[in-house]
Amino acid sequence: MKQNHLRRRQLLGGALGATALLGSTSLATAQAKMTFKASDVHPEGYPTVTAVESMGKKLSAATNGRLSVQMYAAMQLGGEKEAIEQAQIGAIALGRVSVGALGPVVDDLNVFNLPFLFRNTAHAQKVMDGAIGQELLDKVTNHPTAGLVALCWMDAGARSMYDTKHAINSIADLKGLKVRVMGNPMFVDMMNNLGGNGVAMGYDQVFTALQTGVVDGAENNPPSFVFDNHFQVAKFYTLTEHLIVPEMLVFSKRIWNQLSKDDQALLLKVGREAQAEERVLWNQYEAQALEKMKAAGINVVTLADKKPFQDAVKPVWDKYGPKYAEMIKRIQAVQ
Ligand code: GTR
């Protein structure tokens, strides 16, 4: 753990140095060569990682190598809370993070963290691609203290439960299971209302926690479950699809403010393209993940009835829903 921390500091050292340098020569730096450090918890080959790398290649091509992206995948720089904090101080430029982790920073986003909000992933995509999606990106960018510029959305499918103990065939099977959730109180409440014990922790700790029995289960989409290796230790996966939480690619406002208007416009353009590219990759990866799960003999349970799960999370809606009432209505109206 300590070593990880040291390694992280070494990796970040360069970026901090470069940023400090940039601060001292404002106009000249607008045209200076810059390498944008990017962080993602997922490994190389994961849709979000590939899309950001491909965005970096486009940036380099468009600026004759003046701007580029250096990807630090697979949690080399820590979890998502760390990525957000590093972007805020300008230690990295790009963080690809879940709205689950961003909600505590920009509260408007928490509406997307309500369980069973979207009818399905197609519904979520329609919302992200439309006026509401743009509005929420703007909420991040215009937030007075978040220190982030939202470049685009990224798909992350639907999240389902998995565990190391037994198949979850009905809500009763969740009773007493310690289940890791993302670091956001809404998810702890969600899990507790479903009958489990919600344990909030960073993504960087989940694999070990599952392996050592600190938690009995977690919840995530099939690509995370498979390609971050959780399926090596958790053999039961139940398609609860209780959360459809989109992700965002955010840029450090500190670094953004040092860029020329043209470079900012270019970043927004390649960001939009990254969103479209990631979606195509996502669909392929999700299918691959499901195949790998089958091949590995994972017990995949399809629920005959999700209603008991939906009913159980009503207290979460009662507690967090009212302040988003207008937005919820608008989201539900998107066909
Ligand atoms: C993944 C997501 C990550 C992170 C992770 C988690 O699906 O891509 O951004 O949020 O889940 O559970 O923490």
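Going by the structure above, here's the rest.
Reading the values: the criteria
- Residues numbered from 1 in each chain as written.
- Predicted model: local features only at pLDDT ≥ 70, side-chain atom pairs only at ≥ 80, totals over all residues.
- Heavy atoms only, no water.
- Near = heavy atom within 4 Å.
- Polar contact = N/O pair within 3.5 Å; in protein donor to acceptor, adjacent residues only side chain to side chain.
- Areas by Shrake-Rupley, 256 points an atom, 1.4 Å probe, with all protein chains shown as cover.
- Nonpolar A, V, L, I, M, F, W, Y, C, P; charged D, E, K, R; others polar.
- Domains from an automatic or database assignment.
- Buried < 20%, exposed > 50% of the residue type's maximum accessible area, 1.4 Å probe, protein only.
- Helix = DSSP H or I, 4+ residues; strand = E, 2+ residues; numbered from the N terminus.
- Pairing = 2+ DSSP bridges.
- Axes fitted to C-alpha atoms, helices over the stretch in contact; angles between N-to-C directions.
- Left-handed = near helix turned anticlockwise from the far one by under 90°.
- Contact = heavy atoms within 4.5 Å.

A.B. asks: Which parts of the structure should I look at to understand the site of the ligand?
C.D. replies: If you check the shell around the ligand, you find 13 residues, and the closest are His42, Glu80, Arg180, Asn220 and Glu247. Here an oxygen atom of the ligand sits 3.0 Å away from a polar atom, N or O, in the side chain of Ser224. Contact with the protein chains hides 98% of the accessible area of the ligand, taken as 320 Å² for the molecule alone. Here the residues of the shell around the ligand sort into three nonpolar, five polar and five charged. Residue contributions to the shell around the ligand reach at least three from each of two domains, namely domain 1 (2-155 + 246-286) and domain 2 (159-244 + 290-333).

A.B. asks: Is there a simple way to think about the pairing of strand 3 (residues 94-98) in this case?
C.D. replies: Note on strand geometry: in a regular strand, side chains alternate between the two faces of the sheet. In terms of residue burial, strand 3 counts as a mostly covered element, since five of its five residues are buried. Side chains of strand 3 alternate between two faces, with Leu94, Arg96 and Ser98 and Gly95 and Val97 buried alike. The pairing of strand 1 (residues 34-39) with strand 3 spans two bridges and is classified as parallel. Bridge pairing links Ser39 to Gly95 in strand 3.

A.B. asks: Just to check I follow, could you spell out the pairing of strand 9 (residues 236-243) for this structure?
C.D. replies: Pairing geometry for strand 5 (residues 159-163) and strand 9, over four bridges, is antiparallel. Bridge assignment links Asp163 to a residue of strand 9, and that residue is Phe236. In terms of strand pairing, strand 9 meets strand 11 (residues 299-301) through three bridges, oriented parallel. Note that in strand 11 the partner of Tyr237 across the bridge is Val300.

A.B. asks: Which parts of the structure should I look at to understand the packing of helix 3 (residues 47-62) against helix 12 (residues 261-295)?
C.D. replies: Any two packed helices are characterised by how steeply their axes cross, that is the angle between the axes, and by the distance between the axes. For the pair helix 3 and helix 12, interaxial distance at closest approach is 8 Å and the crossing angle is 145°. Here the hand of the crossing between helix 3 and helix 12 comes out right-handed. Within the contact between the two elements, helix 3 uses Pro47, Thr48, Thr50, Ala51, Ser54, Met55, Lys58, Leu59 and Ala62 and helix 12 uses Leu266, Leu267, Val270, Gly271, Glu273, Ala274, Glu277, Glu278, Leu281, Trp282 and Tyr285. Grouping the amino acids of the contact of helix 3 with helix 12 by side-chain chemistry returns twelve nonpolar, four polar and four charged.

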